[in-house]
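Architecture at a glance
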Amino acid sequence: MQVTLKLFASLATYLPPNKKNGIEAEIEVADGSSIGDMIKLYNIPSKSAHLVMVNGVYIKPDQRDQYVLKDKDALAICPPVAGG
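The paragraphs below set out a description of the structure included in this document.

Definitions and limits used
- Residues numbered from 1 in each chain as written.
- Predicted model: local features only at pLDDT ≥ 70, side-chain atom pairs only at ≥ 80, totals over all residues.
- Heavy atoms only, no water.
- Helix = DSSP H or I, 4+ residues; strand = E, 2+ residues; numbered from the N terminus.
- Buried < 20%, exposed > 50% of the residue type's maximum accessible area, 1.4 Å probe, protein only.
- Contact = heavy atoms within 4.5 Å.

So, the environment of H50
Relative to the elements of secondary structure, H50 occurs in the loop between α1 (35-41) and β3 (51-54). On the basis of relative accessibility, which here comes to 49%, the residue H50 falls in the partly exposed class. When the C-alpha atoms of H50 and V81 are compared, they prove to be 8.8 Å apart, with 31 residues separating the residues in sequence. Apart from residues no more than four positions distant in its own chain, H50 is found in contact with R64, C78, P79 and P80.

Quick look at unusual backbone geometry
Of note in the backbone geometry, N21 takes a positive phi value of approximately 60° without being a glycine. Positionally, N21 belongs in the loop between β1 (2-7) and β2 (24-28).

Shown next as structure tokens:
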């Protein structure tokens, strides 16, 4: 199945080479893959996966390993942000 992976800010460096717009890539995902599987597969540091959304809906940290992605889902991951 196909999923859009969007990685923002410093996480964009973890995208595969076929990225577009510098922040997203269409990826092939095995049926039954979870958000946690994608974080591990792309070597995204778990502490950097601060804000995780699927199709614009926030997924809590304790639900990420159980949340199974579906065809055409958009998985967005943002790192922690600090400012002042």
